[in-house]
There are 2 protein chains.
Amino acid sequence: MAIETPEGYRALSEHSVCGYVESVAPLRQRLGGNASAWRVREVGDGNLNLVFIIEGPAGDLCVKQALPYVRLVGEGWPLPLERAWFEHQALLEQSRHAPDLVPQVLHYDEKLFLLAMERLSPHIIMRRGMIDGLVYPRFAGQISHFLARTLYFTSDLALPAARKKAMIGRFCGNTELCRITEDLIFTDPYMVHERNRWTTPELDETARELRQDAALKLAVARLKLRFMSDAQALLHGDMHTGSIMVTEAETKVIDPEFAFVGPIGFDVGKLLGNLLLSYFSQRGHETRPGERDAYRAWILETVREVWDGFEREFLALWRAHPTGDAYPAMLFEEPADAAALGEERSRYMRALFQDALGFAGTSMIRRTLGLAHNADMEEIAEPARRAACERRNLRLARELIVHAADFADIARVTQRAAALEQES
Amino acid sequence: MAIETPEGYRALSEHSVCGYVESVAPLRQRLGGNASAWRVREVGDGNLNLVFIIEGPAGDLCVKQALPYVRLVGEGWPLPLERAWFEHQALLEQSRHAPDLVPQVLHYDEKLFLLAMERLSPHIIMRRGMIDGLVYPRFAGQISHFLARTLYFTSDLALPAARKKAMIGRFCGNTELCRITEDLIFTDPYMVHERNRWTTPELDETARELRQDAALKLAVARLKLRFMSDAQALLHGDMHTGSIMVTEAETKVIDPEFAFVGPIGFDVGKLLGNLLLSYFSQRGHETRPGERDAYRAWILETVREVWDGFEREFLALWRAHPTGDAYPAMLFEEPADAAALGEERSRYMRALFQDALGFAGTSMIRRTLGLAHNADMEEIAEPARRAACERRNLRLARELIVHAADFADIARVTQRAAALEQES
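Residues numbered from 1 in each chain as written. Chains lettered and ligands numbered in written order. Predicted model: local features only at pLDDT ≥ 70, side-chain atom pairs only at ≥ 80, totals over all residues. Heavy atoms only, no water.

Asker: Tell me about the sheet that holds strand β10 (residues 244–246) of chain A, and name the residues and values.
Answerer: Residue and element names in this part refer to chain A. Sheet architecture is open: 3 strands sit in the order β8-β10-β11, paired in antiparallel fashion. Where the open sheet ends on each side, the last strands, each with one partner, are β8 (124–125) and β11 (251–253). Pairing between β10 and β11: 3 bridges, direction antiparallel. Each residue of the ladder has a partner; that of M245, found in β11, is K252. The strands that helix α5 (residues 139–152) touches are β10 and β11; relative to β11, the one it contacts most, it runs at about 35°. (Pairing = 2+ DSSP bridges. Helix = DSSP H or I, 4+ residues; strand = E, 2+ residues; numbered from the N terminus. Contact = heavy atoms within 4.5 Å. Axes fitted to C-alpha atoms, helices over the stretch in contact; angles between N-to-C directions.)

Asker: Quick rundown of helix α3 (residues 83–97) of chain B? Include the residues and the values.
Answerer: Residues and elements named next belong to chain B. With 15 residues, α3 should reach 21 Å at 1.5 Å per residue; the first-to-last C-alpha distance of 21 Å fits that figure. Judged by how many residues are buried, α3 sits mostly within the fold: 11 of 15 residues are covered. R83, A84, F86, E87, H88, Q89, A90, L91, E93, Q94 and H97 are the residues of α3 that are buried. (Expected span 1.5 Å × (residues − 1). Buried < 20%, exposed > 50% of the residue type's maximum accessible area, 1.4 Å probe, protein only.)

Asker: A description of the pattern of salt bridges should follow, citing residues and the corresponding values.
Answerer: Tallying each qualifying case throughout the model produces 70 salt bridges over all chains. The salt bridge involving D255(A) is made with K64(A); its shortest N-O contact spans 2.6 Å. Linking D255(A) in the loop between β11 and β12 (260–262) with K64(A) in strand β3 (residues 60–66), this pair joins segments that are 191 residues apart in sequence. D255(A) sits in the partly exposed class, given a relative accessible area of 25%. Between D60(B) and R119(B) there is a salt bridge whose closest N-O contact spans 3.2 Å. Separated by 59 residues along the polypeptide, D60(B) in strand β3 (residues 60–66) and R119(B) in the loop between β7 (114–117) and β8 (124–125) bring together distant segments of the chain. Given the relative accessible area of 19%, R119(B) is considered buried. Salt bridges sharing partners connect three or more residues here, namely R283(A), E286(A), D293(A), R296(A), R392(A) and E421(A). (Salt bridge = Lys/Arg side-chain N within 4 Å of Asp/Glu carboxyl O.)

Asker: Give me the sheet that holds β3(B): which residues, what numbers.
Answerer: Residues and elements named next belong to chain B. Overall, antiparallel pairing links the 5 strands, which are arranged β1-β2-β3-β7-β6 in an open sheet. Looking along the sheet, the strands with just one partner apiece sit at the ends: β1 (39–42) and β6 (105–109). Mean inter-strand twist for the sheet, computed between neighbouring axes without regard to direction, equals 20°. Sheet topology places β1 next to strand β2 (residues 49–55); 4 bridges connect them, and they run antiparallel. By the bridge assignment for β2, R39 is matched with E55. Against the sheet, α3 engages β2, β3, β6 and β7, with an angle of about 35° to β7.

Asker: Explain the packing of helix α3 (residues 83–97) of chain A against helix α6 (residues 161–171) of chain A residue by residue, including any values.
Answerer: Residue and element names in this part refer to chain A. In the contact formed by α3 and α6, the axes pass within 10 Å of each other and the chain directions differ by 150°. In terms of axis orientation, α3 runs roughly antiparallel to α6. In contact with W85, F86, Q89, A90 and E93 of α3, α6 contributes M167, R170 and F171. Looking at the contact of α3 with α6 residue by residue, the classes come out as 5 nonpolar, 1 polar and 2 charged. (Parallel < 35°, antiparallel > 145°, perpendicular 65-115°, else oblique. Nonpolar A, V, L, I, M, F, W, Y, C, P; charged D, E, K, R; others polar.)

Asker: If you had to explain the state of the cysteines to someone new, which residues and values would you point to?
Answerer: Each disulfide is one covalent bond, formed between the sulfur atoms of two cysteines. Residue and element names in this part refer to chain A. This structure, assessed with the given rule, holds 0 disulfides over all chains. Of all cysteine sulfurs in the structure, the one in C62 sits closest to C18, which takes part in no disulfide; the separation is 13 Å. Its relative accessible area of 8% is what places C18 among the buried residues. (Disulfide = S-S within 2.5 Å.)

Asker: An account of the relation of the copies chain B and chain A is requested, with residue identities and associated values reported.
Answerer: Mapping chain B onto chain A calls for a screw motion: a turn of 180° about the axis and a shift of 0.0 Å along it, with 0.0 Å RMSD after fitting. Put plainly, the chains are arranged around a two-fold axis. Both copies share a contact surface, since 100% of the interface residues of chain B are interface residues in chain A too. (Least-squares fit on C-alpha atoms with pLDDT ≥ 70 in both.)

The structure is reproduced here in structure tokens:
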């Protein structure tokens, strides 16, 4: 049974995409010549969309088109085409705050739900690089800059209330993609659900214990409620190492189709969680014990620098641009106010840190016991070895969720990760 | 300079409203006969709108029309007509959950931004009744029922996420009315602002101290941020004793034009704050000391019963209708889950209680040091006497905001109010 689509929509193929691109002058000119001279590849390895890379004599570009269903699953799981509109809106907003860290948008087609963007080359998906043990020395600085700027400037700390509310309104229709997060991250892994999978039978008992862990389930439910109701800032919404393309010099954040106004800690935490999961997966990629010690150390250093860099820059932005209707600057002009406001900012960042740890933990669990797993672990062929890595990952995840308040700073988190990695 | 209004809009007068009502068959029929037999009075004592009461041979009704500016101030303070649309939407939603506690809507005109409703008679504005020392024995039970049901059933605890997001979207355009709250409640009273006024010179020093009170200002700023970003449930948005009409038997909540999706504690707290302000105002209405002792005791009993009744019913609804995407029922079906979930609900209510106390405090301050004052205090003719009442009110307000966590329950709040009332 085919899904109904709006008039004017048709899914493009490697053939038809060239005809389309030819009809859009700026895109045609970017490629040079005409379609007969272009090389097209569909590269959408992902779960949701068609992605075409088109190369011409003068240049290249990337075309991303939404399909009316989840590609990974098929027509049995319909998904609104409008997510392309939300992705476009989010890219425009992010490019205002961190233009060097997102792909340049060349064209948006509202009938085809299609985005044409610069092609990122030689960038690769960061997750791939981390599985291969590649170091990205500039990553932590660049991504913390992206997070601090996109999240600060779309928060009530920077925006007048009316603009913030307009932003909430613009993105609150992205319901179905939020629902994927609500179900797959915050719900399914904690119950018996046909969508769940894990390394079996090795993790059967662990998965069962987790479904009976009332303290964990309540802490996750609390985070889910925050996700659904706490409209702090415009989030990327799917901020993991699969949504980041890198070279040694550059970082580009892609695929913000899950964008909506939600809790800041969700973006930050999802990234930290995916880095920590990569950390625990490294042993599975070693051809001899200790081979990846230095790489592991780099990952933990990156975790620390991502948080510390984010916190430092977010606070600096708050001090430099207190332009929002929250904590209005004109209320804090008395001499005694400066110190008190400084303490309040620290308190705010402390709460944000705890949020981030909790959300990090939920990402680590869903990638181990839920529907969508990460290649970081999946590519560990031997089940017992993979399960050992996954078990360590799950242990830290639970601690981050249930005992977030016990971690005084990010160094305690990386110390704990290292200790768990040593234990067995 | 006249404010531009949309085509088709015209402000009605006592004369033209009858012609309009005649043209709407159900309204005409309700009144009986024709306009020549009707009696019209404009009774909008309020700050924002035109309100007509029309009586005919067969029945009566109330017509409320938005003006394109704040009536209290004039055309210098424009205000969107669309607030009538939000009021209508909110009334429809509230009537689903508490039909006996809101006026029945008879008609909405989207071009005139006009609502026709049942006329409430012999109901009076509750604030008026409290100034006159009238007891409303059924009020606490009825209003706590209204609060519990309207707030629970529009929260993530009861709603699927998609319906909740649609509700956020429907109300997030009510920006200008939210801004009134953001400015007049959470900002102006804490700074030098031409809109502020107070009993002068008696409270000059108190107002000055408050502007230098960093702990208070930060606590208020935190509440303001919650107001702007925490989308817990559909609020009435202006839940004070001036938005409630009562008889001894009935309670009706009117005027939800400030409706939007915000923190639950704001509605509950605004009501508690206005009751407490009325409590502190009573001494100013005594013709001999102690004359209102019994009435004061009734107010404090009402404060306790409003909170306790709200909490009891909200929790009962949560247990009986866990239909929302927050704390999904299917995650908590293990035997050990029930107790843990019970504790979590208590924790949730505890947080909500602290929110309510903070918001109560901000209401008590804005009505003493900001633009809009309450008749409760304003009708105390002698300034020194009024100032003494206001000073007690401000003391409790500050404690509720800065030390909310120190109040274990609502009884501690009313004990503290009584102690302050005794002190001087």
